[in-house]
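# Report on the structure
The primary structure of each chain is shown beneath.
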Amino acid sequence: MLEVRNLHASVGGTEILKGLNLTMKPGEVHAIMGPNGAGKSTLAYVLAGRDGYDVTEGSISFCGQDLCKLNVDERAAAGVFLAFQYPLEIPGVPTMTFLRTAVNAQRKARGEKEMDAPSFLRLIREKSKMFKVEDKMLKRPLNVGFSGGEKKRMEVLQMAALEPKLAILDETDSGLDIDSLRIVAEGVNALRSPDHSALVITHYQRLLDYIVPDVVHVLADGRIVKSGDKTLALELEEHGYEAIATDAA
Amino acid sequence: MSQVDEKVEDLQDNAGDKYKYGFVTDIETEKAPKGLSRETVRFISAKKNEPEWMLEWRLEAFERWLQMEEPTWPKVTYPEIDFQDAYYYAAPKSNDDRPKSLDEVDPELLRTYEKLGIPLIEQQMLAGVAVDAVFDSVSVVTTFKERLAEDGVIFCPISEALQSHPELVRKYLGTVVPQSDNFYAALNSAVFSDGSCVYIPKGVRCPMELSTYFRINEAETGQFERTLIIAEEGAYCSYLEGCTAPQRDENQLHAAVVELVILKDAEIKYSTVQNWYPGNADGEGGIYNFVTKRADCRGDNAKVSWTQVETGSAVTWKYPSCILRGDNSVGEFYSIAITNNHQQADTGTKMIHLGKNTSSRIISKGISAGKSQSTYRGLVSAHKRAANARNYTQCDSLLIGDTCGAHTVPYIEVNNPSVMIEHEATTSKISEEQLFYTRQRGIDEEAAVALIVNGFCREVMQQLPMEFAVEAQKLVAISLEGSVG
Ligand SMILES: Nc1ncnc2c1ncn2[C@@H]1O[C@H](COP(=O)(O)OP(=O)(O)OP(=O)(O)O)[C@@H](O)[C@H]1O
Ligand SMILES: [Mg+2]
């Protein structure tokens, strides 16, 4: 489903990803852990196609397509979703309007019929119940004045509404209270299926108790330095990145 | 709303060619001889079979105009206008004896308005919206007149009002915007052709939205509309005007005057969706939109609200103003001005506080893209007598790209110590991060810009009558096409 080979990418002329390899099979959930500044968010941005994040070497193949040939919105329509580490505020645009525009833009790009208002409303009602998002919040401008946790829940609600083939969650668990953490994890698990994979970036093993990953990777200095099953996360929690890094070297 | 939605779809499908109203209607017209002279003024007045006093009033305005100079203070530049090189009157021949009913209207004209998304057949129209359709220099049809007459509401072309209610027109015409108010108002007073006249009697809440749709069709022809609205004590009406013109290489002049008279406890809500042809991407062609609009709150507790969505025209020069004469009267100005390519807009408002406890609110949203220039120019003045007057001004500019300009020029004159004036201004750019975030949800770049810009304008959009808000939002998107990437 996702095949990243020898990926080198730089930001503002500085190389951040230095030969990264990552293979995900359909339906798998992979976790990426790693020290601050290792390049986790950079990887997420490169996968999403952000301007200024230049791939200088290597390849990214997604469901048989060369992802590097698609622009940001085309990648989204192809099924790449990124839950931002720091979600942006969009003043004056009601959350509901934003969501509807996004859902229909993706459908249109895929040559599907746009969703009519009642069906869309039903979809959002169902999802917002799942993520305990109140109607009131859907009427407010997207993320404007939302608390940190509310923003994160809104990211996952967007994910659920868009049903991406690959959901990349960049530290979605940071700043969440215990209940929110469970709600978010349930949302990710609900989407989990042979057609829906997830790449979960996190600093905490705790999230992985709820979203049990098939594979755990350690990203350090722009490379995947170690991969393993879910026990790797426990190991990291116990010994820290230092040990792994020296291990790998 | 279903009709609106359909119309909107229509707009969207046509979004590819930027200005979808650029067609010309092939219709036989009668014109005044080219140029501007006393004879031109007499010709127009005679064409409309006006009373003698009206002709004299026009001639007086013309004399004044000859003494006046074109204003140079707006922050706009354009080649000198040759006022002798234009026609000041053009009317479809088929309109000679103004049709009494829709069946008598030239089908070609009906088709034109249908193409513009304004069906004039009453059954097909938006329920609850009466339309006066002005084509070049004349009104071709006004709908729902009888229904409105039941409530005593007069809604007709001003040329017709001069026949049917001459005393009403005589009493109010030029009392808000005097003949010699400014260069273009004087010109308009001399050669105005058509526009709407509305009268809402005492205590009546107008049962429908009133709207006038202005269309310039003839080449080398100026349009000089004149609109007069009177709300008697305790009356209310909501009025909307829309404007389009064919796509042409040469510039055309549109110099309108709008006068609103608002008596005690009355309210007028006046909305404009201005989409005159803006010229092409290289700045060739387009309408010069030089407009004087003013409301006079003559009685206590009178209220006026101007809402404008200005997306068209090559050059816009327009300051809808409020004279807050009555105590406790309220003036509001909500504006969205979008300029793209080589468009120039110098627009804003004047809030003249004369009465006690008067209050005004100005919300201006300027969006500039391409090589355009946008200026907010606003005056807030409070007279000695205007104790406790209040004004709140918020002026936000949004820049798209770095070849455009936005300017804010506020003027404040306060002559009473109890007056409170608040002014806030911001200038921002659409951030790369916001665009990335929006596009990451599958929304393409142009749609993302439109979405963010519409969010930026929301406060003003919300002031528009529901029927038109959706269309205005789509217009924002269309106006900004080609501004990114
Ligand atoms: N525009 C830029 N120019 C130069 N360096 C940058 C730029 N943006 C990010 N970096 C650097 O790239 C490195 C990787 O950043 P990234 O955000 O991917 O780390 P991360 O693994 O997500 O860290 P964290 O766990 O703190 O979120 C950091 O050292 C950061 O300072
Ligand atoms: Mg990060």
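Presented here is a report on the structure given in the accompanying data block.

Rules used in this analysis
Residues numbered from 1 in each chain as written. Chains lettered and ligands numbered in written order. Predicted model: local features only at pLDDT ≥ 70, side-chain atom pairs only at ≥ 80, totals over all residues. Heavy atoms only, no water. Helix = DSSP H or I, 4+ residues; strand = E, 2+ residues; numbered from the N terminus. Rg over C-alpha atoms; globule rule 2.2 N^0.38 Å. Buried < 20%, exposed > 50% of the residue type's maximum accessible area, 1.4 Å probe, protein only. Areas by Shrake-Rupley, 256 points an atom, 1.4 Å probe, with all protein chains shown as cover. Donors = N, O, S within 2.8 Å, 3.2 Å for Na, K, Ca; no water. Core = buried A, V, L, I, M, F, W, Y, C linked by side-chain atoms within 4.5 Å. Patch = residues over 30% accessible without salt bridge, like charges linked within 9 Å, V, L, I, M, F, W, Y side chains within 5 Å. Salt bridge = Lys/Arg side-chain N within 4 Å of Asp/Glu carboxyl O. Lys, Arg positive; Asp, Glu negative; His and termini not counted. Charge placed at Lys NZ, Arg CZ, Asp CG, Glu CD. Near = heavy atom within 4 Å. Polar contact = N/O pair within 3.5 Å; in protein donor to acceptor, adjacent residues only side chain to side chain. Pairing = 2+ DSSP bridges. Axes fitted to C-alpha atoms, helices over the stretch in contact; angles between N-to-C directions. Contact = heavy atoms within 4.5 Å.

Next up on the list: the overall build of chain A. Helix and strand counts for chain A come out as 9 helices and 10 strands. Against the 2.2 N^0.38 benchmark of 18 Å for 249 residues, chain A shows a C-alpha radius of gyration of 18 Å, consistent with a compact globule. Based on the C-alpha atoms only, the size of chain A along its principal axes is roughly 55 × 40 × 35 Å. Residues counted as buried form 53% of the 249 residues belonging to chain A. Carbon and sulfur atoms form 50% of the exposed surface of chain A, whose accessible area is close to 10900 Å².

Right, let's talk about the coordination of the magnesium ion (ligand 2) for a bit. All names here are of chain A. Looking at the magnesium ion (ligand 2), the protein donor atoms are Ser41 (OG) and Gln85 (OE1), and they sit 2.0 to 2.3 Å from it. Of this pair, Ser41 sits in helix α1 (residues 40-48) while Gln85 sits in the loop between β6 (80-83) and α3 (95-109); the two residues are 44 residues apart in sequence, bridging distant segments of the chain. Like Ser41, the residue Gln85 is buried in the burial classification.

Let us look at the nonpolar core. Of all hydrophobic cores here, the largest spans 103 residues; its most connected members are A:Leu2, A:Leu20, A:Ile168, B:Ile367, B:Ile400, B:Val453 and B:Leu480. In terms of residue count, the dominant contributor to this core is helix α6 (residues 148-162) of chain A (7 residues). In terms of nonpolar packing, the next biggest core, distinct from the first, is built from 35 residues, B:Phe144, B:Leu260, B:Cys322 and B:Phe333 among them.

Our focus in this paragraph is a negative patch on the surface. Residues and elements named next belong to chain A. A contiguous patch of negative charge, built from Asp209, Glu235, Glu237 and Glu238, is present on the exposed surface. When residues of the negative patch are assigned to their parent elements, the largest contribution, 3 residues, is made by helix α9 (residues 231-248). You can see Glu238 is positioned in helix α9.

It is worth spelling out the site of ligand 1 at this point. Residue and element names in this part refer to chain A. Close to ligand 1 lie 13 residues; Gly37, Lys40, Ser41, Thr42 and His203 are nearest. Within the side chain of His203, a nitrogen or oxygen atom sits 2.9 Å from an oxygen atom of ligand 1. Alone, ligand 1 offers 650 Å² of accessible surface; in the complex the protein occludes 60% of this. With 3 residues, the top contributor of residues to the shell around ligand 1 is α1.

All names here are of chain A. Read across the open sheet, the 6 strands follow the order β6-β7-β8-β3-β9-β10; overall the sheet is mixed. Looking at strand neighbours, the two that pair on one side only are β6 and β10 (223-228), the edges of this open sheet. Across this sheet, the average inter-strand angle for adjacent strands is 20°, counted without regard to direction. Bridging between strand β3 (residues 29-33) and strand β9 (residues 215-220) involves 4 bridges; their strand directions are parallel. Each residue of the ladder has a partner; that of Met33, found in β9, is Val218. Across the sheet, α6 is in contact with β6 and β7 (166-170); its angle to β6 comes to roughly 165°.

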